[in-house]
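Residue strings, one per chain:
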Amino acid sequence: MDDTPLDDVDRSILHQLQLNARQTDTEIGEKVDVTSTTVRNRLDKLEGKGVIRGYHPEINYEEAGYPLHVMFVCTVDPNKLDSLNEQILDIRGVVTTRDLLGGERNVHVEVVAGTVREIEEIRNELAGLGMTINSSEIISETQVQSWDHFYPQSGPGARPDDDTDDGSVTDQG
């Protein structure tokens, strides 16, 4: 694996992708002041290194017909986490699983469903895997923003670009 650290061009490209991942290589190149070929080569390198793991839409589940968005806070034997993650993700309705370092409550499982009955079925499947469910929280709104530390920090007083698009997305549901 290439251990070359990210440079300002890489960070600028990542910043632009966070603002809008649907930009073309040419559009990103214009904003980063490099050619579209450079952007494509850098993207290929970042994908190959695993820095970019995918391009995913931000979905408003409520508008898509799944009004229930729930976070289960769970406890799992840390030695079993690796083997359980794939099984957790295979449960219909599970959209995200997060392993947490330390503490008793070491797994968050985010699910979406259309009915309370479906949430109960998901809960039962999680418990069937040997997970202890400590709590379940209804998610009413999620806000996401781009992490501006990818923007080049060279020079004193360097600041993020002045795009009117701040990269934040609001997902209700």
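Just so it is clear, the model here is predicted, and its values are computed rather than measured.

K.L.:
What is the right way to look at the pattern of salt bridges in this model?
P.N.:
Note that side chains of opposite charge can pair when their charged atoms are close. Taken as a whole, this structure holds nine salt bridges when the rule is applied. As a salt-bridge pair, Arg42 and Asp10 come within 2.9 Å of each other at their nearest N and O atoms. You can see Arg42 sitting in helix α3 (residues 36-48) and its partner Asp10 sitting in helix α1 (residues 8-19), a full 32 residues away along the chain. Note that Arg117 is salt-bridged to Glu120, the shortest N-O span being 3.9 Å. One end of the pair, Arg117, and the other, Glu120, are both in helix α5 (residues 116-128), three residues apart, so they sit about a helical turn from each other.

K.L.:
When you look at the pairing of strand β3 (residues 107-113) in this model, what are you seeing that I'm missing?
P.N.:
Along any regular strand, the residues point their side chains to alternate faces of the sheet. Among the seven residues in β3, six count as buried, and that is most of the element. Where strand β1 (residues 68-75) meets β3, seven bridges bridge the pair, whose relative direction is antiparallel. Pairing of Val70 across the sheet is with Val111, part of β3. Sheet topology places strand β2 (residues 94-99) next to β3; five bridges connect them, and they run antiparallel. Directly across from Val94, in β3, lies its bridge partner Val111.

K.L.:
Can you help me understand the sheet that holds β3 in this one?
P.N.:
Sheets are built from strands that pair by backbone hydrogen bonding, the pairs being arranged parallel or antiparallel. Judged by pairing direction, the sheet is antiparallel, and its four strands sit side by side in the order β2-β3-β1-β4 without closing on themselves. With partners counted over all chains shown, the strands left at the sheet margins are β2 and β4 (132-138), one partner each. Each strand axis lies, on average, 20° off the axis of its neighbour in the sheet, ignoring direction. In the packing of helix α4 (residues 81-89) onto the sheet, the strands contacted are β2 and β3, and the crossing angle to β2 comes to about 165°. Strand contacts of α5: β1, β2, β3 and β4, with the helix running at about 20° to β1, the strand carrying the most contacts.

K.L.:
Please clarify how α5 should be interpreted in this entry.
P.N.:
Each turn of an α-helix holds 3.6 residues, which means side chains three or four residues apart point in the same direction. End to end, α5 covers 18 Å across 13 residues, agreeing with the expected 18 Å (1.5 Å per residue, within 8%). Residues of α5 that are buried include every one of Ile119, Ile122 and Leu126, and no others. The buried side chains of α5 occupy one side of the element, clustering within an arc of 60° when seen end-on. Exposed side chains of α5 directed beyond 90 degrees from the buried face belong to Arg117 and Gly128. Each element contacted by the buried residues of α5 is listed here: β1, α4, β2, β3 and β4.

K.L.:
So what exactly am I meant to see when it comes to the layout of surface pockets here?
P.N.:
In this approach a probe as big as a water molecule rolls over the atoms, and the regions it shows empty are the leftover space. Approximately 250 Å³ is the volume attributed to the second largest pocket. In terms of lining, the second largest pocket is formed by 13 residues, of which the most central are Tyr66, Arg92, Gly93, Val112 and Ala113. At the level of elements, β2, β3 and α5 are the ones that each hand at least two residues to the lining of the second largest pocket. With four residues, α5 is the single largest residue contributor to the lining of the second largest pocket. Broken down by class, the residue content of the lining of the second largest pocket amounts to eight nonpolar, one polar and four charged.

Criteria and cut-off values
- Residues numbered from 1 in each chain as written.
- Predicted model: local features only at pLDDT ≥ 70, side-chain atom pairs only at ≥ 80, totals over all residues.
- Heavy atoms only, no water.
- Salt bridge = Lys/Arg side-chain N within 4 Å of Asp/Glu carboxyl O.
- Helix = DSSP H or I, 4+ residues; strand = E, 2+ residues; numbered from the N terminus.
- Buried < 20%, exposed > 50% of the residue type's maximum accessible area, 1.4 Å probe, protein only.
- Pairing = 2+ DSSP bridges.
- Axes fitted to C-alpha atoms, helices over the stretch in contact; angles between N-to-C directions.
- Contact = heavy atoms within 4.5 Å.
- Expected span 1.5 Å × (residues − 1).
- Arc of directions from axis to C-beta.
- 1 Å grid on protein atoms, 1.4 Å probe; cavity = no way out; pocket = protein on both sides within 12 Å on 5 of 7 lines; lining within 4 Å.
- Points joined across faces, edges and corners; volume = space filled by probe spheres on them.
- Nonpolar A, V, L, I, M, F, W, Y, C, P; charged D, E, K, R; others polar.

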